[in-house]
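Letter by letter, the chains look like this.
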Amino acid sequence: MSGIFYGNMRKMGSSLFIITFLLLNCCSQANSITVNCIVTQEKSMTCMWNKEALSPENYSLYYWYTSDGNTTAAPCTRYLQENGINIGCWFNSSAVRTFKEFNVRLNSSSKQEHVQRFRNLQNLVRLEPPVKLHVENRSDLELLLSWEPLLGQFKDHCLTYQVQYRSLASNSWTVKNVTIKQFSLPSYSRDKLYTFHVRSKLNELCASTVLWSEWSVGVSWGRNDTTPSKETSFPFKTIASVGFPIVFFFLVVLFIRTERIWVILVPQIPNPEKNFQDLYKIFNGDFQEWTGVSKDVVKSLNHTYTEPLCSVCEDTECTVAEIKKPPPT
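Residues numbered from 1 in each chain as written. Predicted model: local features only at pLDDT ≥ 70, side-chain atom pairs only at ≥ 80, totals over all residues. Heavy atoms only, no water.

The name an unreviewed UniProt entry gives the chain is Cytokine receptor common subunit gamma, with Xenopus tropicalis as the organism. Under the Subcellular location (unreviewed entry) heading, UniProt states for the chain: "Membrane". (UniProt positions renumbered as here; feature names shortened; annotations may be inferred.)

Enquirer: Pulling in residues and values, what's your account of the packing of aromatic side chains?
Expert: Per the stated rule, a full pass over the model turns up 9 aromatic pairs. When the ring of Tyr63 is compared with that of Phe102, the centres are 5.9 Å apart and the planes differ by 40°; the resulting orientation is tilted. Of the two residues, Tyr63 is situated in strand 3 (residues 59-65) and Phe102 in strand 7 (residues 102-108); the sequence distance between them amounts to 39 residues. Owing to a relative accessible area of 0%, Phe102 belongs among the buried residues under this scheme. Sitting above the plane of the Trp90 ring, Arg78 keeps its charged end 4.6 Å from the centroid. Over the aromatic face of Trp212 sits the side chain of Lys201, whose NZ or CZ is 5.4 Å from the ring centroid. (Phe/Tyr/Trp six-rings, centres within 6.5 Å; stacked < 30°, edge-to-face > 60°. Helix = DSSP H or I, 4+ residues; strand = E, 2+ residues; numbered from the N terminus. Buried < 20%, exposed > 50% of the residue type's maximum accessible area, 1.4 Å probe, protein only. Lys NZ or Arg CZ within 6 Å of the ring centre and 35° of its normal.)

Enquirer: Go over the sheet that holds strand 7 with me, naming the residues and quoting the values.
Expert: Pairing within the open sheet is antiparallel, and its 4 strands lie in the order 4-3-7-8. Unpaired on one side and paired on the other, strand 4 (74-75) and strand 8 (113-118) mark the two borders of the sheet. Here strand 7 pairs with strand 8 via 6 bridges, running antiparallel. For Phe102, the partnering residue across the bridge sits in strand 8 and is Phe118. (Pairing = 2+ DSSP bridges.)

Following this line, the structure appears as structure tokens:
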């Protein structure tokens, strides 16, 4: 009997240990609930809790502002849920008072309560990233990056910026703090491609926040000099710059030396001596003998008569010239 009794006690002890562990775990999870609130540039606010589903319980949120002198808590009107469990609350701009102390209370379904206080909501503001990024080269020694903050409730003197940039050949970003809406990059290389991003937050004049906006859409300037084919193209460029003039020279010499190609490109004026060698060598250039026409035929073609001259005169005293007969042949 004693063995059975001790065996049952051991089983009960292990069960009690498991139950105690689960209770402590649930309590620690309930105590680990933390509310994180972020105010947007348009003054809407989102408060999140239990994002990693530490507890399967549903929480109800109530809030109030201490400086109002009213301790009556108002309930959340728009919950954010995941798998049917409340994990956050969204507040419109009319419910957000940036420069006042904000209080929240979470009530769980198991009667657990969590109260948290935020002294100044302006310290929870996360701005939108800047827009209209533009890069221009002011000179050979300076690149100028400019941008515009997204319109909101905060003035320019409340904003501070960070610029990150790198060339395409670099694997790391360089980050610079800027207080105005411009950034100058001196001593840049024209043969490199640079990429820029900008983000913003409220400065110490208006808030004590560490919440930066997201990085803006990048803007690039320059020339891509890191293409993979650059190293392999260097020998080809060298060979082409040296080899093409040599090949061109040999082609010119070949055209000059080849008679057929030379005749086609530069036609010659025909030499009559090759076709009329007999005329110049045998007949000494006498075209009549070369054609076979005799001298008698040539003489018979000569004129053997002359026509008398007729003098015309209006004067009546003009004497008529005597007609001379041609000499006999």
